[in-house]
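Each chain is listed here by its residues.
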Amino acid sequence: MNTEEFEDRLKALRPRLHRYCARMTGSAIASEDVLQDALVKALHARAQGAEVDNLEGWLFRIAHNASLDFLRGRSRNTIVPLTEDVEAAPMPEADIVAISFQTFLRLPELQRCAVILKDVLGHSVEEIASIAGCSAAAAKSALQRGRVALRQLSQVPEDTRLPLMSDRDRRKIAAFVDLFRGGDFDAIRAMLADDVKLELVSRLHLEGRDRIVPYFTRYAEVTKWRFALGAVEGQPAMLVFDSTGPMDRPAHFVLVDWSENRIIGIRDFLFAPYVLEATDWVQLG
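Residues numbered from 1 in each chain as written. Predicted model: local features only at pLDDT ≥ 70, side-chain atom pairs only at ≥ 80, totals over all residues. Heavy atoms only, no water.

Engineer: I would appreciate a short explanation of unusual backbone geometry in the present structure.
Structural biologist: If a residue is not glycine, its phi is most likely negative; likewise, a peptide bond is most likely trans. Of note in the backbone geometry, Ser202 takes a positive phi value of approximately 75 degrees without being a glycine. Following the sequence through the fold, Ser202 ends up in the loop between strand 1 (192-200) and strand 2 (204-207). The class for Ser202 is partly exposed, based on a relative accessible area of 30%. Although it is not a glycine, Glu260 sits at a positive phi angle of roughly 55 degrees. Along the chain, Glu260 falls in the loop between strand 5 (252-259) and strand 6 (262-268). Residue class for Glu260 comes out exposed when judged on its relative accessible area of 55%. (Helix = DSSP H or I, 4+ residues; strand = E, 2+ residues; numbered from the N terminus. Buried < 20%, exposed > 50% of the residue type's maximum accessible area, 1.4 Å probe, protein only.)

Take a look at the structure:
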């Protein structure tokens, strides 16, 4: 497999890898950083001559380890109790994909890993064991116990995660959204810090006020987008809806970082719509 084919496979597998990382870490937004770190490691290993027989399994193993590193950095519990096997059937696919990431996060790591890989992504017990670095017996036990626990947890009502933002932060993001709605991109450019950073997630990174000018030009040229004030995983966000399709959920979203009254970072998920899968979001205006 040449380099171009390798990178094409990475791109094709990215949504599946993100689904795994998001449920392992409990955050669709943070998991994009985890996934990016995993893909950088994979590209580095490839450049160093790593031989890969099973590309998907190899990438999932890297993503798994990157997720665990993230969780350990957050001081999550990594001890997984394993007891006798109990037979438990998987939940219907429509039910399991509707379960919030925070519910998955309440499972011990190996149980979470096993349920996600088997019941969400369709891996075998043997593949789970290879990715998680455990025995097939441990993987099977974790899968069965995880299914039981997830079914119980899914029946417990969750508190709605409301965005925690100050009035000042709300005014900032509301003003940003209003300027997008009105197409007043000159006013937005005037708010940019000189060293502002733009990330089109999974596509490109740019830095500097002058370099990101085309970003606003392209939004001005596309008339189908509709913008709304909202929050994603409790973070203030601009929700972007596609008026040519169903308007019941955003097509993607944009996060904005501020330093005082200057915009220092824009993170746009236009090219990563998979991030919205089962993500907590709310429209605020």
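Engineer: What should I look at first to understand the sheet that holds strand 3 (residues 225-232) in this one?
Structural biologist: The strands making up a sheet are joined through hydrogen bonds of the backbone, oriented either antiparallel or parallel. With mixed pairing, 7 strands are arranged side by side in an open sheet as 2-1-6-5-4-3-7. Across the chains shown, the open sheet's two edge strands, defined by having one partner strand only, are strand 2 and strand 7 (281-283). Along the sheet, successive strands turn relative to each other by an average axial angle of 25 degrees, direction set aside. Against the sheet, helix 2 (residues 28-47) contacts strand 3, strand 4 (235-242), strand 5 and strand 6, and its axis sits at roughly 80 degrees relative to strand 6. (Pairing = 2+ DSSP bridges. Axes fitted to C-alpha atoms, helices over the stretch in contact; angles between N-to-C directions. Contact = heavy atoms within 4.5 Å.)

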